[in-house]
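# Understanding the architecture of this molecule
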Amino acid sequence: MRKKLFVLALFVCAGVSLFAQETAEALGFSLDVVWLFIGAILVFIMQAGFALVETGLTRAKNATNITMKNVMDFCFGAIVYWAIGWGLMYGKDALGGLIGSDQFFHSPMGLDMESGNFYKSWFFQVVFAATAATIVSGAMAERTQFRSYLIYTCFISAFIYPISGHWIWNADGWLAQLGFHDFAGSTVVHSVGGWAALMGAVVLGPRLGKYVKGADGKISVKAFPGHNIPYAALGVLLLFFGWFGFNGASTGIATVGGGGIWSGLNIARVCVTTTLAAAAGAVAAMIFSWLWFKKPDASMTLNGLLAGLVGITAPCAVVSPGAAIAIGLIAGVLVVLSVEFFDKVVKVDDPVGAVSVHGICGVFGTIAVGIWGDAAGDGVSGLLHGGGFDQLGKQLIGIVSVGAWALITSFILFTVIKLIFGLRVSPKEELVGLDLSEHKSEAYSGFQIFSNM
């Protein structure tokens, strides 16, 4: 009798143990799903941040157009990323790490673990694709045909962003295999968007009256101040808020998982480094602009905060808090220098500084991994932590490769759109403002808008 009871007890204990293990796995999966969804929602809020920043830093007569672009680039982008972009980025690798080859129009209908993994991953990734696309809006503001902008949005979300993203964030991508590290997207998202913004601004040309040639042959640069700095500040704060999802949820999980930088235990570290770099970027940009322009420039300070965020995005999981402050300080100064360089020297008209914030500081953030990276257990050791030039070299290869891809493909895309559909509105439409000429809708109906051009 005792033997039977003992055997029965063993069976019960084994059953309870198995049930507990399965329950723990299911609970862990659920926590991971919830964390990724929270992160994705935070990143989605960044669309509102971009809309407010770009609206505030441009003229009142184009506010509706800016808003429409930031709404619709997500809507069009989400559909084409589901249909094509996801497969190119995360599908089965083909051509030696260059491109994904399946999962197009992928839509499992079950509620099993496999379907759940797809849903949570796709939802998190689509908001990153939207970020890359919307970066371009600011650099091409106030003179772009709305129709042509939507065509561009579809192409970057379906092809340009996913293919280079495959190289880095697909485990079989050639840069991932090389050891290139970009935790949350300084290169994957921000540099791609920044380089596309540069090509868009170059092919499009400057706004009317931006660069005026005088009788002496010298070209003067006219400033077009933004019409609503409080909007821009609110937008930057929304972006700052969303960045905790952008960087923090890039751990991929909320639970302990396999440990290292891809563990839920690293979320706190990522959020701390993100906060410190952003704060340092704003402080550095404010002080530097104060010294240079004799006044603390509001728009430069706001862009400095964003520069710190972009700069810390790649190294946020592999650097110390002190290194994060150093990265933010450098990014804050760099963005001021870069904005002035493109505006005054190269004479590329970028109304909101998108190229400098996302392109230049995205490059710097990627390089920062090779300098301050300190995660030997995860294969990342920078120059200052005994890694020599190995990681730095890998980072530079990735920067050049992705930069060349984004610049060349974007230039071709904008040139083709310009030749076939037209890229720029007419001079009359630009002077009237895109709210009326493109949408027949004023952002500030009933108010008289005084334009400085």
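Notes on the structure follow. (Residues numbered from 1 in each chain as written. Predicted model: local features only at pLDDT ≥ 70, side-chain atom pairs only at ≥ 80, totals over all residues. Heavy atoms only, no water.)

## Looking at the overall build of the protein chain
Along its length, the protein chain carries 14 helices and six strands. Split into buried and exposed, the 453 residues of the protein chain put 53% on the buried side. Of the contacts formed within the protein chain by residues at least 6 apart in sequence, a portion of 76% connects residues at least 24 apart. (Helix = DSSP H or I, 4+ residues; strand = E, 2+ residues; numbered from the N terminus. Buried < 20%, exposed > 50% of the residue type's maximum accessible area, 1.4 Å probe, protein only. Contact = heavy atoms within 4.5 Å.)

## Topic: helix H4 (residues 146-169)
A bend of about 50° at Ile156 is the largest found in H4. For H4, a buried count of 20 out of 24 residues is recorded, marking the element as mostly surrounded by other parts of the structure. (Bend = angle between axes of the 7 residues up to and from the residue.)

## Some remarks on the layout of surface pockets
Roughly 570 Å³ of volume is contained in the second largest pocket. As for the second largest pocket, its lining consists of 27 residues, of which Ser299, Met300, Val339, Asp343 and Pro351 are closest to the centre. Counting only elements with at least two residues in the lining of the second largest pocket, the list comes to helix H9 (298-313) and helix H10 (321-346). In terms of residue count, H10 provides more of the lining of the second largest pocket than any other element does, five residues in total. Residues that form the lining of the second largest pocket fall into these classes: 13 nonpolar, five polar and nine charged. (1 Å grid on protein atoms, 1.4 Å probe; cavity = no way out; pocket = protein on both sides within 12 Å on 5 of 7 lines; lining within 4 Å. Points joined across faces, edges and corners; volume = space filled by probe spheres on them. Nonpolar A, V, L, I, M, F, W, Y, C, P; charged D, E, K, R; others polar.)

## A look at the nonpolar core
Of all hydrophobic cores here, the largest spans 113 residues; its most connected members are Tyr81, Phe128, Tyr152, Tyr161 and Trp169. At 13 residues, the largest contribution of residues to this core is made by helix H3 (residues 113-139). Ignoring anything within four residues of it in the chain, the contact list for Trp169 reads Met89, Tyr90, Gln125, Phe128, Tyr161, Asp182, Phe183, Ala184, Gly185, Val188 and Val189. (Core = buried A, V, L, I, M, F, W, Y, C linked by side-chain atoms within 4.5 Å.)

## A few points about unusual backbone geometry
One non-glycine residue, Gln103, adopts positive backbone phi at about 65°. The topology assignment puts Gln103 in the loop between strand S2 (99-100) and H3. When its relative accessible area of 28% is taken as the criterion, Gln103 is described as partly exposed. In this structure, Lys294 takes a positive phi of about 70° despite not being glycine. Position of Lys294 among the secondary structure elements: in the loop between helix H8 (267-293) and H9.

## What to know about empty space enclosed by the protein
With the rule as written, the count across this model stands at one cavity of 30 Å³ or more. Reported here for the largest cavity is a volume of approximately 90 Å³. Looking at the lining of the largest cavity, the elements with two or more residues in it are helix H1 (2-56), H9 and helix H11 (354-372). The residue makeup of the lining of the largest cavity, split by class, is eight nonpolar, three polar and one charged.

## Some details on the packing of aromatic side chains
According to the stated counting rule, one finds 18 aromatic pairs in the structure shown. Aromatic side chains Trp86 and Tyr90 sit 4.8 Å apart centroid to centroid with 35° between the ring planes, which places their arrangement in the tilted category. Of this pair, Trp86 and Tyr90 both sit in helix H2 (residues 63-90), four residues apart, roughly one helical turn. Summarising the aromatic geometry, the rings of Phe128 and Trp169 are spaced 5.9 Å apart at their centres and angled 80° between planes, so their arrangement reads as edge-to-face. Residue Phe128 is located in helix H3, and its partner Trp169 is located in helix H4; the two are separated by 41 residues in the primary sequence. (Phe/Tyr/Trp six-rings, centres within 6.5 Å; stacked < 30°, edge-to-face > 60°.)

## Focus on the environment of Met199
Among the secondary structure elements, Met199 is positioned in helix H6 (residues 186-204). A relative accessible area of 14% places Met199 in the buried class. Taking the C-alpha atoms as reference points, Met199 and Val348, separated by 149 residues in sequence, lie 9.7 Å from one another. Beyond its immediate chain neighbours, meaning those up to four positions away, Met199 contacts Leu407, Ser410, Phe411 and Phe414.

## Quick word on the environment of Ala282
Tracing the sequence through the fold places Ala282 in helix H8. Note: C-alpha distance between Ala282 and Met300 (18 residues apart in sequence) is 8.3 Å. Excluding its chain neighbours within four sequence positions, the residues that come into contact with Ala282 are Thr301, Gly304 and Leu305.

## What to know about the state of the cysteines
All told, the structure shown has zero disulfides when counted by the stated rule. With no disulfide of its own, Cys316 lies closest to Cys271 among cysteine sulfurs, the gap being 8.7 Å. (Disulfide = S-S within 2.5 Å.)

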